[in-house]
Every structure is written in structure tokens, then in C-alpha cells.
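# Coordinate analysis (summary)
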Amino acid sequence: NYANMPNPPKTVHVLAFANVQVLDVTGPLQVFASANDLARQQGLPLPYAPTVIAAGGGAVMSSAGLALMAEPLPSVGSDTLLIAGGWGVYEAAQDAALVAWVRDHGLRSRRVASVCTGAFLLAAAGLLDGRRATTHWSRCDALAREYPNVTVDADPIFVRDGNIWTSAGVTAGMDLALALVDDDLGRFVGAFYLEQALDHLLLFRAALAGVDLDHLIAIATLEELVGLDQLQQLTGMRRVARNDQHE
């Protein structure tokens, strides 16, 4: 729970690169930031220190034309290293120095995660070898073909294999971030934060699907959603897969 979180807070480093998908960065970041907001409101220590990082630091141009300000790549291991996706990931996966940094830093971090096609950079670094993983449904075949040592599962919204987490598309990255916070803090918010997080996630999913939010709320009210199983049922049709063989 919040009261047992360490001080200083856990570092969450989100790796960006040229032509990164901006929502792969900002969606998960906001989940961790909102967890901090709740702790701040309750007068508790902040559980997370979320930061965008990039090779060289400075402004990183996303594929949407929005520049993100990033810190340089850290020299010490992260608590959570999260690799964003986007079409720029394929060039990033060809950057030998960046791939080597991801490999070395990932091995020194408590856990490593990817959003969408960020799995390609994890695979290039060898961190997915011998593990199950997922990515955006349209790129699963390519991931399996290019990295045959990875067992690619196209069905789940995210996969946990030991301390490596991978997720499918943009909104699945937020599902994954919620699960990471849940893994740290237990049933981490009671109804209060979960309702806030679901409110934003539901609106975003409804906008993407062209569905009236009232139709989603009619399925199950926010007050009834107090666990990840219910969260997954409402916010995505794909299941969560977990493989603890490496733990």
C-alpha cells in the first residue's frame, strides 16, 4: 500500500526516440502521475518518480509532431524501464549503442516493460529471448518472424513473463501501467483512484471505437469495478496472460 512505499520514490523511466508514438509515452506516464496525485492528497510519500528519457536527452520529436523533453539515459538501473512504441522504434532497434544500453540497463532494472511496438526494441536487445511477449496485433507476425527466440502471443492485452511485461496497442499500455501500479500497491486504490483512471480510459476507448460512453457504463458501473478482472472486461476484449516461469 501507499504507506509502505519506499522514500525516495521508485524511478519510472520511459524511453522515447525520434518518431515515438506520443500516447505510448504519455498514457502510462499519467497512470503513475495519478498514483502520485492520490498519495499527495492523502499526505503520503509519492510512490513514483516518472521521467521521459532518450539518448542524449533534450527534445525528442514524436510522430505526432509534438516534441517531448527528455532526460539523458541514466547510468544507474531503473526501478521500472518502459519502452514506448511507434514507427520510429524500427530505426531505434538498429542503433547498436541504444540497443546495448537497453540490454545492460534492463538487466539492472527491477522490471522492464514495453508498450505496443516497443517490444521490437526489447527483442533486439535480447531481453525477450525465451519469453512470451505481445505487441500490436498487426505486428505480431513480424515480431515472431524477426525474433524466433520470442514466443509471440497475439491475443492478450498484455503479457507478464517474470519481470518482463509487454503490451499490445496504445490503450493496452495504460492497462499495463495500471497493472504495474496494482502489482506495487496491491488493490492499489480502492474505488477512488480506479474510478478516476477508468473515467479517462473509458472516454478514450469510447472515442477510438466511436461508441457512446453511456453504452459502456450501462454494462457495468464504475463503482462495481474494483479489480483488474473487471477492468479488463470493460476496457478491452483481449485477455491478460501471465507466465511466472522466470520468477
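In what follows, the structure referred to is the one given above.
Residues numbered from 1 in each chain as written. Predicted model: local features only at pLDDT ≥ 70, side-chain atom pairs only at ≥ 80, totals over all residues. Heavy atoms only, no water.

### Examining the overall build of the chain
Quick reminder of the rule: The helix count covers DSSP runs of H or I at least four residues long, the strand count covers runs of E at least two residues long, and both are numbered beginning at the N terminus. For each residue, the accessible area found with a 1.4 Å probe, counting protein chains only, is set against the maximum for its type, and the residue is called buried under 20%, exposed over 50%, and partly exposed in between. The contact criterion used is simple: two residues touch if any of their non-hydrogen atoms lie within 4.5 Å. Note on areas: Shrake-Rupley, 1.4 Å probe, and residue coverage restricted to the protein chains presented here.
Scanning the chain from N- to C-terminus turns up nine helices and eleven strands. Split into buried and exposed, the 247 residues of the chain put 53% on the buried side. Within the chain, contacts between residues separated by at least 24 positions form 68% of all contacts whose residues are at least 6 apart in sequence. About 10900 Å² of surface is accessible on the chain, with carbon and sulfur atoms providing 54% of the total.

### Describing the environment of A93
Topologically, A93 is positioned in the loop between α2 (89-92) and α3 (96-107). In sequence terms A93 and A119 are 26 residues apart; their C-alpha atoms lie 9.9 Å from each other. Discounting chain neighbours no more than four positions away, the residues touching A93 are V99, F120, L121 and A124.

### Examining the packing of aromatic side chains
For clarity, the threshold we go by: Any pair of Phe, Tyr and Trp rings, taking the six-membered ring for Trp, is counted once the centres come within 6.5 Å. Such a pair is stacked with planes under 30 degrees apart, edge-to-face with planes over 60 apart, and tilted for the rest.
Inspection of every chain in the model, using the stated rule, returns four aromatic pairs. Plain terms: the ring middles of F32 and Y48 are 4.9 Å apart, the flat faces sit at 70° to each other, and that makes the pair edge-to-face. Of this pair, F32 sits in helix α1 (residues 22-41) while Y48 sits in strand β2 (residues 48-53), and the two are 16 residues apart along the sequence. Taking the centre distance of 6.4 Å and the plane angle of 75° together, the rings of F120 and Y147 count as edge-to-face.

### What about the environment of T117?
Here is the rule: Here a polar contact is recorded for every N or O atom pair within 3.5 Å, except that within protein the pair must consist of a potential hydrogen donor and a potential acceptor, and residues adjacent in sequence are included only if both atoms are side-chain atoms.
With respect to the helices and strands, the residue T117 is situated in the loop between β6 (111-114) and α4 (118-124). Classification of T117 as buried rests on a relative accessible area of 6%. Counting along the chain gives 34 residues from T117 to I83, while the straight-line C-alpha distance between them is 8.8 Å. Residues within four places of T117 in sequence aside, it is in contact with G85, G86, V89, Y90, T135 and R139. Polar contacts involving the side chain of T117 include one to the main-chain amide nitrogen of G86, which spans 2.9 Å.

### Some thoughts on the packing of α1 against helix α6 (residues 170-185)
The test is simple: All axes are obtained by fitting lines to C-alpha atoms, using only the stretch in contact for helices, and the reported angles, taken between N-to-C directions, cover 0 to 180 degrees. Oblique is the label for any angle not under 35 degrees, not over 145, and not in the 65 to 115 range, which are roughly parallel, roughly antiparallel and roughly perpendicular in turn. Helix crossings get a hand from a simple test, with the near helix turned counterclockwise from the far one by less than a right angle marking a left-handed crossing and a clockwise turn marking a right-handed one. The residue classification treats Ala, Val, Leu, Ile, Met, Phe, Trp, Tyr, Cys and Pro as nonpolar and Asp, Glu, Lys and Arg as charged. All others, Gly included, are polar.
As a packed pair, α1 and α6 sit with axes 8 Å apart at the nearest point and diverge in direction by 30°. As summarised for this structure, α1 and α6 are arranged roughly parallel, according to the angle between their axes. Both α1 and α6 take part in a crossing whose hand is right-handed. In this structure, α1 uses L23, D24, G27, P28, V31, F32 and A35 to contact α6, whose residues at the interface are V170, G173, M174, A177, L178, L180 and V181. Grouping the amino acids of the contact of α1 with α6 by side-chain chemistry returns eleven nonpolar, two polar and one charged.

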